[in-house]
Amino acid sequence: MARGQGNGRSQIEQGMSLPPGGGGGPRDPGLEARVAKLEAGVEHLQADVAEIRAVLGRVDAKVSEMAGALPHLATKADVARRPTVAGIIAIVAVIAAIASMPIWPQWIAAIRAVIQHAH
């Protein structure tokens, strides 16, 4: 039975009339039409649910496919462990300094000559 607004009493208990086409009981001539309308609505809902299930099935397949690829992608921790540009420059500078060690005595001699010539 339809309820009134907010007080918990039905519309009949409040002396109000029912909305058109509704609530006349089992002998109501409009009952068949209302039930048919509800059944049609339920059929539409069932069709919508079937369509949603089909879409979810496709989405599930895509998510599973993507999950298989995820181990090959870098994680936030992997990215954090990668050296920064400054770190790479420092490593290259150290390698260049070590590689040039055999000619350091020549450089030092040239620098001393420049300093002595300047005085």
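Residues numbered from 1 in each chain as written. Predicted model: local features only at pLDDT ≥ 70, side-chain atom pairs only at ≥ 80, totals over all residues. Heavy atoms only, no water.

(A) Spotlight on the confidence of the model for the chain. In the predicted model, the chain carries a mean pLDDT of 80, and the fraction of residues at 70 or more is 77%. The least confident element of the chain is helix α2 (residues 76-81), whose mean pLDDT is 84; the most confident is helix α3 (residues 85-99), at 93. Residue range residues 1-5 is modelled with pLDDT below 50. Its contacts to residues more than four positions away, or to other chains, number 14 contacts. (pLDDT = per-residue confidence, 0-100. Helix = DSSP H or I, 4+ residues; strand = E, 2+ residues; numbered from the N terminus. Contact = heavy atoms within 4.5 Å.)

(B) Representation of the pattern of salt bridges within the structure. Under the defined criterion, the tally for this structure stands at one salt bridge. A salt bridge links arginine 81 to aspartate 78, with the shortest nitrogen-to-oxygen separation between them at 2.4 Å. With arginine 81 and aspartate 78 both in helix α2 and three residues apart, the pair spans about one turn of that helix. (Salt bridge = Lys/Arg side-chain N within 4 Å of Asp/Glu carboxyl O.)

(C) A look at a nonpolar patch on the surface. On the surface, a cluster of nonpolar side chains totalling about 850 Å² of accessible area is made up of Val94, Ile98, Met101, Ile103, Trp104, Trp107, Ile108, Ile111 and Ile115. Contributing elements (two or more residues each) for the nonpolar patch: α3 and α4 (104-118). Sort the elements by how many residues they give to the nonpolar patch and α4 lands first, with five residues. Relative to the helices and strands, isoleucine 108 resides in helix α4. (Patch = residues over 30% accessible without salt bridge, like charges linked within 9 Å, V, L, I, M, F, W, Y side chains within 5 Å. Areas by Shrake-Rupley, 256 points an atom, 1.4 Å probe, with all protein chains shown as cover.)

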